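Structural overview
The chain contents come next:
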Amino acid sequence: MKIVAAQKILKANDQLAEENRRRFSAAGVFGVNIVGSPGCGKTTLLEALIGRFGDALAPAVIEGDIAGSIDAERIDALGVPVVQINTDGACHLDAQMVNAAAGSLELGQLGLLLIENVGNLVCPAGFDLGEHRRIVLLSVPEGDDKIAKYPAIFRGSHALAITKIDLLPHFDFSVDRVVADMRRLAPAARVFQLSAKTGGGVAEIGDWLQAEAAAR
Ligand code: MG
Ligand code: ZN
């Protein structure tokens, strides 16, 4: 019997993630890891950002899903290069999967690589993919206690997007509580409020992302 400690697996992942980051940087590609629960609006945010940037940032997308290509088809319809990773049951992406997927993209022709992680607030927190920034989404219907209950994924993120903000009248969701919890865990992180219904907030998070990418 062979036992491989989780620590060792994570260390190997971190090394490969650094390699991914160097490769992206050398190609002039800004990598973004987008995490959040199933149904929180990750793909919808990608569509909105792509619509806003147009070709200006030369975006491409890596989609992570346990099965199927529903999200990749949505991105493909926008005419943006997209690679679907099927994790075959794994509940998160890792640096190895992203390394393989990036191999089928023309990195030299890209400016922005948006990586949509598997919908999950737990283990994506432990796997650096080689991104430059991580955005975590929390939708109003999920509840305002999730930062307190799943701190790791919020702590390591550079921005929090509170999504489906148009549903606030229908839920007991305190934006103040969420902002305060995020401040405690990630004082430097930016907080955005988004509504796919009205398009509200997309300009703000898009401008932030563009500035972060330009600063590199
Ligand atoms: Mg999705
Ligand atoms: Zn997992």
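Scroll up to find the structure this text is about.
Residues numbered from 1 in each chain as written. Chains lettered and ligands numbered in written order. Predicted model: local features only at pLDDT ≥ 70, side-chain atom pairs only at ≥ 80, totals over all residues. Heavy atoms only, no water.

1. Concerning the coordination of the zinc ion (ligand 2)
- Looking at the metal site, the zinc ion (ligand 2) is ligated by Cys91 (SG), His92 (ND1) and Cys123 (SG), spaced 1.9 to 2.2 Å from it.
- Of note, the zinc ion (ligand 2) draws all its donor residues from one chain, in the sequence arrangement C-H-x30-C.
- Judged by relative accessible area, which is 32%, cysteine 91 ranks as partly exposed. (Donors = N, O, S within 2.8 Å, 3.2 Å for Na, K, Ca; no water. Buried < 20%, exposed > 50% of the residue type's maximum accessible area, 1.4 Å probe, protein only.)

2. Let's talk about the coordination of the magnesium ion (ligand 1)
- Surrounding the magnesium ion (ligand 1) are the protein donor atoms Thr43 (OG1), Asp71 (OD) and Glu116 (OE), at 2.0 to 2.1 Å.
- Donor residues for the magnesium ion (ligand 1) sit on one chain with the sequence pattern T-x27-D-x44-E. Here the residue aspartate 71 occupies a position in helix α3 (residues 70-76), and glutamate 116 occupies one in strand β4 (residues 112-116), the gap between them amounting to 45 residues. Here the two residues aspartate 71 and glutamate 116 agree in accessibility, since each one is buried. (Helix = DSSP H or I, 4+ residues; strand = E, 2+ residues; numbered from the N terminus.)

3. Brief notes about the nonpolar core
- Grouped together as the largest cluster of nonpolar side chains are 25 residues, with contacts concentrated most on Val32, Leu114, Ile135, Ile205 and Leu209.
- Sorting the residues of this core by element identifies β1 (30-35), α2 (42-53), β4, β5 (133-139), β6 (159-163) and α8 (202-214) as the ones contributing at least two each.
- Among the elements that line this core, the one with the most residues is α2, at five residues.
- Among the nonpolar cores identified, the runner-up in size contains 18 residues, and Val83, Leu93, Ala101 and Leu110 belong to it. (Core = buried A, V, L, I, M, F, W, Y, C linked by side-chain atoms within 4.5 Å.)

4. Structural notes on helix α7 (residues 175-185)
- Residues of α7 that are buried: Val175, Val178, Asp181 and Met182. Within α7, the buried residues cover an arc of 130° as seen down the axis, which keeps them to one side. Seen from the open side of α7, the exposed residues pointing more than 90 degrees away from its buried face are Asp176 and Arg184.
- Contacts made by the buried residues of α7 are with β5, α5 (146-149), α6 (151-155), β6 and β7 (190-193). (Arc of directions from axis to C-beta. Contact = heavy atoms within 4.5 Å.)

5. Some details on the sheet that holds β1
- Here we have seven strands laid out as an open sheet, ordered β3-β2-β4-β1-β5-β6-β7, and parallel in their pairing. Looking at strand neighbours, the two that pair on one side only are β3 (82-86) and β7, the edges of this open sheet. Taking each pair of neighbouring strands and ignoring which way they run, the sheet shows an average axis angle of 20°.
- Two elements, strand β2 (residues 59-65) and β4, share five bridges in a ladder whose sense is parallel. Bridge pairing links isoleucine 62 to isoleucine 115 in β4.
- Contacting β2, β3 and β4, helix α4 (residues 95-102) crosses the sheet at an angle of about 145° to β3. (Pairing = 2+ DSSP bridges. Axes fitted to C-alpha atoms, helices over the stretch in contact; angles between N-to-C directions.)

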